[in-house]
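# Residue-level structure breakdown
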Amino acid sequence: MKHYEVEILDAKTREKLCFLDKVEPNATIAEIKTLFTKSHPQWYPARQSLRLDPKGKSLKDEDVLQNLPVGTTATLYFRDLGAQISWVTVFLTEYAGPLLIYLLFYFRVPFIYGPKYDFTSSRHSVVHLACICHSFHYVKRLLETLFVHRFSHGTMPLRNIFKNCTYYWGFAAWMAYYINHPLYTPPAYGEDQVKLALIIFLFCQLGNFSIHIALRNLRPAGSKTRKIPYPTKNPFTWLFLLVSCPNYTYEVGSWIGFTIMTQCLPVALFSLVGFVQMTIWAKGKHRSYLKEFRDYPALRSPIVPFLL
Amino acid sequence: MAASEEDGGGSGSPEEKENGKKRSLGALATAWLAFYNIAMTAGWLVLAIAMARFYMQKGTHKGLYRSIQKTLKFFQTFALLEVVHCAVGIVRTSVLVTGVQVSSRIFMVWFITHSIKQIQNEESVILFLVVWTVTEITRYSFYTFSLLNHLPYFIKWARYNFFIILYPVGVAGELLTIYAALPYVKKTGMFSLRLPNKYNVSFDYYYFLIIIMLSYIPCVISFSGCYLRNQQPDIQK
């Protein structure tokens, strides 16, 4: 069996960074990255991007050396992706924040509303209900991160955690401030509005969870395979008939429910911004599905049935 | 906000190379941009002359703003078109960058000087008006000449060097004006929404203005970096 030689050059400076000899032909890119880290410990595998062409696409960890269009001396180009952080860490941090922050406002911790309101409780029942719903939502997200989701990528750039946490924590504080404010005005249509909102919220939370479970079951543990999701016996998953990313559809629905429940403009804005972002993601995902699968169901839209 | 020298009016931005826009502009787009840039150059020239005449005749800056406000509002508001130029692609600059810069001008004109009449005679207003006028005449004439493929060296030199003085002076003028407006905003509670209300939101224009003033700092730092970097290609010439 002929061994390969691999030289790794810096994609920008073309400087020779590393020379590996006696590399197995069936070595994966992941294994080559591990070897590269030995000579350059500051570049752990997650922050390495190796490609065949300095300006080309990154090679995948699963790619096998002998299947690549290279001779027995392969030249790979390296780009540093920057400090990386695991998706799980980012999710846990960005979701734990809103959970705690909202509660600080709910319990009217000192220095927020003025001394005479410290540790008082709102006299509106909807405010208590909103706290339960908001907290439930983020506890659900934390548990899903730990036990349900199967991530395609292990890591993302470190700066994302600052960006994401600012977004989630900032909006959580902004919403919570008004909902738990002593001068909060409860919904105009009273109990009926709150009841309707709660039904929408719970329905969409269940829907969102059902989709997460369905997506998890599509992918066996440890694998990164991608398959077309289909409706299952769970009626909440029947939305897959009309939409590529029903998890996002249900998520927007939950926040619309929460907006109606609290009748709070910051919540409406948060829902709107979230909707815009999720639509961008859904369109991207929809496009990848179409590219990857010839037989992708034609009836499906990215996020809103028939419309978006 | 940091709005003096750069954005995608006729073309160009701190990030953009001069020749980028000429690559594949249709005849109609070129004609429109030429017209737009000539019109804007003319407009700001008219403003400059009006300001100079007022000062020479009256000997004071008091009342100067009132005398030129209609022209100022017209031409500065018209600049919103530059965002459309970027969006449509006839100007190769980011919509976001242009949007931010035009918005900051619109904000100063409509939400500060127009809305808070008591500060219209402040010296700081004249300060930024002069800066804006010189900047815009330089910028629009630069774009005009570039489009017509005949760029006098002086205009090119001015575009890349005036900002060294104009930018800090302009920022000073704008900040001082906002600062002068603060007491009036606080007293009248203008543009503000208090609790309780059915939308469960509040907005305090006074604190909003303070945040705007603070945000000048990161903007100035980042824009200065861009402007200084743009200087490099000229060293060879």
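Bear in mind that the values here come from a model prediction, so they are computed numbers and not experimental data.

### A closer look at the interface of chain B and chain A
With 8 residues of chain B at the contact, the number on the chain A side is 11 residues. Summed over both partners, the interface of chain B with chain A buries about 810 Å², with 57% contributed by carbon and sulfur atoms. Among the residues of chain B in contact with chain A, B:Leu195, B:Asn200 and B:Val201 are the three that bury the most area, contributing 60% of the side total. Residues of the side of chain B that touches chain A, tallied by class, amount to 4 nonpolar, 3 polar and 1 charged.

### Overview of the packing of helix H3 (residues 81-88) of chain B against helix H4 (residues 95-113) of chain B
Residue and element names in this part refer to chain B. Contact geometry of H3 with H4 gives a least axis separation of 9 Å together with a crossing angle of 175°. The angle between H3 and H4 places the two elements in the roughly antiparallel class. Residue-level contacts link Glu82, Val83, Cys86 and Ala87 of H3 to Val95, Thr98, Gly99 and Val102 of H4. Here the residues of the contact of H3 with H4 sort into 5 nonpolar, 2 polar and 1 charged.

### Concerning the pairing of strand S2 (residues 16-23) of chain A
All names here are of chain A. Sheet topology note: the strand S1 (residues 4-10)/S2 ladder contains 5 bridges and is antiparallel. Pairing of valine 6 across the sheet is with leucine 20, part of S2. The loop that links S1 with its antiparallel partner S2 comprises 5 residues; one of these, arginine 14, has a positive phi angle of about 60°.

### Some words on the UniProt feature "domain: TECR-like N-terminal" (unreviewed entry) in chain A
Residues given the UniProt feature "domain: TECR-like N-terminal" (unreviewed entry) here are residues 5-80 of chain A. As annotated, residues 5-80 of chain A has a helix share of 14% and a strand share of 34%, and its two end C-alpha atoms lie 22 Å apart.

Here is what the cut-offs are and how they apply
Residues numbered from 1 in each chain as written. Chains lettered and ligands numbered in written order. Predicted model: local features only at pLDDT ≥ 70, side-chain atom pairs only at ≥ 80, totals over all residues. Heavy atoms only, no water. Contact = heavy atoms within 4.5 Å. Buried area = accessible area lost by both parts, 1.4 Å probe. Nonpolar A, V, L, I, M, F, W, Y, C, P; charged D, E, K, R; others polar. Axes fitted to C-alpha atoms, helices over the stretch in contact; angles between N-to-C directions. Helix = DSSP H or I, 4+ residues; strand = E, 2+ residues; numbered from the N terminus. Parallel < 35°, antiparallel > 145°, perpendicular 65-115°, else oblique. Pairing = 2+ DSSP bridges. UniProt positions renumbered as here; feature names shortened; annotations may be inferred.

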